[in-house]
Amino acid sequence: MWSCDTCGRPNRHNPLICETCGAAAPGADANQVNLALQRDLAMESHLRGLAFWYRIGAVVFGVGFLVLFGLVGGALVSSPLHGSSALMASAFGYVAMFVVAAAAGSYVLGHYLGRFANGARIAAAILSIVGLAFTLLRFVLTCVAYSRLSALYGDSSLFADAQPSLMGPIVMFVLSALWSGAIILTLFSGRAAQVCSPAYRTIVARTAAMKASMVKTPFFVVPLVVTILAAMVVLRLLMAMRGLY
Ligand SMILES: [Zn+2]
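Quick caveat: nothing in here was measured; it's all calculated off a predicted structure.

## Observations regarding unusual backbone geometry
Here's step 1: In this structure, Phe-116 takes a positive phi of about 60° despite not being glycine.
Here's step 2: Tracing the chain through its elements places Phe-116 in the loop between α3 (83–113) and α4 (118–153).

Encoded structure:
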């Protein structure tokens with residue numbers, strides 16, 4: 001930790017330059033400082049934040065699925081394998097293979113995106129576009145289902161309270177579309193392409209002591225907050241279930 005002579009701000013993790021004003025750190029090599037000033041720490045932080053969740057998501061999703069799979073598989077094995085159980089077991093095998101492959105792919109993608117590989121940037125952007133398309137499709141299907149339900153209820157004011165509202169799905173759709181859109185725009189931006197260029201990666205390798213902080217990007221912080229909230233909801237549900245027995 002050192003204080004910048006120019007702007008007075010403290011710098012905790014950057015041994016080369018002040019992250020507020022770009023002044024050289026005391027005693028830093030002039031060559032290294034020159035290279036350090038060419039780094040786009042904000043964009044690096046976005047890519048590292050996204051990469052983190054590709055990896056952690058893969059681990060959490062993969063482990064969660066394997067636990068669930070172990071439980072179901074155990075139940076299948078303990079019952080005698082009649083025709084239908086055997087068929088179920090092989091279907092589960094295929095699903096497990098698919099999930100493990102998806103988790104492994106996500107982990108590898110995160111690994112290379114965190115190292116600013118251009119292929120990983122493009123792959124992640126395409127996956128986000130596919131994800132956005134699925135979100136849109138799900139929303140349209142939900143709207144169709146709701147309009148059918150509404151037609152079923154008719155105009156009768158008797159059921160006005162019971163009538164389903166589209167508010168929740170609309171909010172969810174807008175939020176996830178904005179989120180995917182932000183990721184797609186970021187990954188396809190010129191700055192992201194610049195960070196993933198060979199010349200830039202050489203600069204990163206030569207100023208390896210300097211690492212972009214992940215806590216400065218919403219791509220790291222927002223999923224973290226959502227994950228913590230989800231974990232709290234699950235914990236409360238588990239407590240409530242224990243209280244029932
Ligand atoms: Zn400064």
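On we go from here.
## Details of the nonpolar core
Here's step 1: Counting residues in hydrophobic clusters, the biggest one holds 18 residues, and the most contacted among them are Leu-47, Leu-50, Tyr-54, Leu-113, Ala-124, Ala-192 and Val-195.
Here's step 2: Contributing elements (two or more residues each) for this core: α2 (41–78), α3, α4, α5 (167–188) and α6 (190–195).
Here's step 3: In terms of residue count, α2 provides more of this core than any other element does, 6 residues in total.
Here's step 4: With near-sequence residues (within four places) excluded, Leu-50 lies in contact with Leu-113, Ala-124, Ile-183 and Phe-219.
Here's step 5: Among the nonpolar cores identified, the runner-up in size contains 6 residues, and Cys-4, Leu-16, Ile-17 and Met-210 belong to it.

## A short note on the environment of Arg-138
Here's step 1: By the secondary structure assignment, Arg-138 is in helix α4.
Here's step 2: Taking the C-alpha atoms as reference, Arg-138 lies 35 Å from Ser-213; in sequence the two are 75 residues apart.

## Comments concerning the domain arrangement of the protein
Here's step 1: Each assigned domain of the protein is listed with its residue range as follows: domain 1 (1–37) and domain 2 (38–244).
Here's step 2: Each of domain 1 and domain 2 has a C-alpha centre, and the two are 37 Å apart.
Here's step 3: Taken together, the contact between domain 1 and domain 2 spans 9 residues of the former and 10 residues of the latter.
Here's step 4: The residue makeup of the side of domain 1 that touches domain 2, split by class, is 5 nonpolar, 3 polar and 1 charged.

## Some remarks on the environment of Leu-66
Here's step 1: In this fold, Leu-66 is placed in helix α2.
Here's step 2: Along the primary structure Leu-66 and Val-99 are separated by 33 residues, whereas in three dimensions their C-alpha atoms are 9.1 Å apart.

The rules behind the values
Residues numbered from 1 in each chain as written. Predicted model: local features only at pLDDT ≥ 70, side-chain atom pairs only at ≥ 80, totals over all residues. Helix = DSSP H or I, 4+ residues; strand = E, 2+ residues; numbered from the N terminus. Core = buried A, V, L, I, M, F, W, Y, C linked by C-beta atoms within 7 Å. Buried ≥ 20, exposed ≤ 12 C-beta atoms within 10 Å, placed from the backbone. Contact = placed C-beta atoms within 7 Å. Domains from an automatic or database assignment. Nonpolar A, V, L, I, M, F, W, Y, C, P; charged D, E, K, R; others polar.

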